[in-house]
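Working through the structure, step by step
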Amino acid sequence: SWTTGSVIEEQVAAIREQVGDKRAICGLSGGVDSAVAAALVQKAIGTQLTCVYVDHGLMRQGETEQVEKDFVAATGVQLKVVDAEERFLTALKGVSDPEEKRKIIGREFIRVFEQAQAEIIADEGPEVAFLVQGTLYPDVVESGGGTGTANIKSHHNVGGLPEDLEFKLIEPLRKLFKDEVRMVGQELGLPDEIVQRQPFPGPGLGIRIVGEVTKERLDLLREADAIAREELTAAGLDRDIWQCPVVLLADVRSVGVQGDGRTYGHPIVLRPVSSEDAMTADWSRLPYDVLAKISTRITNEVADVNRVVLDVTSKPPGTIEWE
Ligand code: XMP
């Protein structure tokens, strides 16, 4: 019968056999899947694994530290962190179009990750032959069940590497559903904040600022988002909500009155939704007192925000994210 213990044992043995004395690389996103995949592979091959975390500067408050400190403490994994905030902000300068933002973030991410890979190979040699991916069973079904290799074209000229690097894939979560992945993660000793994390988009807060993405706007949104998350957690609502994007309407201003005078600030949108699979969603009927607390705190504590609005649109017609 299925137990998390037997899944872990089975996978650890299979990964050891597959990797032998070669080495593997795993990209960490801060999400559940890559974290559990990395923890499993780390359990199997220890320091033959190197994890890479690209800090694009678009994460929420505390998330990068969660990977750098808590994840490393829980697993003992060997981690390479690339601080690429400036590079991403420069690439995003002047860009407001959502699709354009996604394209830029995706492109920069691949470039930074490949550069990190190339550096690891330069350090550790050609025995780096495997790439770990947190592919789940639903992803396998959706993509037709294929598996195999990842072809990495290196854009970077890092001392004597072949133009094309071919990695074999390790996908230890291929037979698991999300709730099973969470159970495996828990059994492996990962912190709850990682294992129970709600979905968060790869492009991060970059697609939660309607308008140009700047450092100031990111910092403001991080503050508002942290308050919303704190209050939802304090109210015990995390399990009822699928996710709650917090969005900054950076190009909108409205008149307000705060303290002694008139303000002309930005609105923050709360977008709490309930869903089974993110394909459809309904707006969450949050208790008014929780909404009131979040609204009061955000307008009191976050400079330049004088209004909090609630998105009461289901999906369809709205998407969960605003961009
Ligand atoms: P939408 O906005 O399309 O979102 O209703 C559906 C789910 O997908 C997440 N999402 C993304 N996840 N990269 C991701 O990894 C992305 O570019 C991306 N866009 C949306 C979103 O948070 C929701 O859970």
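Residues numbered from 1 in each chain as written. Predicted model: local features only at pLDDT ≥ 70, side-chain atom pairs only at ≥ 80, totals over all residues.

For the protein chain, an unreviewed UniProt entry supplies the name GMP synthase [glutamine-hydrolyzing] and the organism Streptomyces phaeochromogenes. UniProt, in its Pathway (unreviewed entry) section for the protein chain, records the words "Purine metabolism; GMP biosynthesis; GMP from XMP (L-Gln route): step 1/1." Per its UniProt entry, the protein chain bears the Catalytic activity (unreviewed entry) comment "XMP + L-glutamine + ATP + H2O = GMP + L-glutamate + AMP + diphosphate + 2 H(+)". (UniProt positions renumbered as here; feature names shortened; annotations may be inferred.)

In this model, the protein chain carries an average pLDDT of 94, and 95% of its residues clear a pLDDT of 70 or more. Here strand 5 (residues 149-153) stands out as the least confident element of the protein chain, with mean pLDDT 64; strand 8 (residues 246-249) is the most confident, with 99. In this model, residues 154-160 is a region of pLDDT below 50 whose contacts with residues beyond four sequence positions or in other chains number 14 contacts. Interface confidence for the predicted complex, given as ipTM, is 0.99, next to a pTM of 0.93. (pLDDT = per-residue confidence, 0-100. Helix = DSSP H or I, 4+ residues; strand = E, 2+ residues; numbered from the N terminus. Contact = placed C-beta atoms within 7 Å.)

Turning our attention to the UniProt feature "binding site: ATP" (unreviewed entry) in the protein chain. UniProt annotation of "binding site: ATP" (unreviewed entry) refers to S29, G30, G31, V32, D33, S34 and A35 when read in the numbering used here. Within the secondary structure, S29 sits in the loop between strand 1 (23-28) and helix 2 (32-45). Assessed through the 18 C-beta atoms surrounding it within 10 Å, S29 is described here as partly exposed. Contacts of S29, omitting those with residues within four sequence positions, involve S34 and G202. Tracing the sequence through the fold places V32 in helix 2. Classification of V32 by C-beta neighbours within 10 Å gives buried; the count is 23. (Buried ≥ 20, exposed ≤ 12 C-beta atoms within 10 Å, placed from the backbone.)

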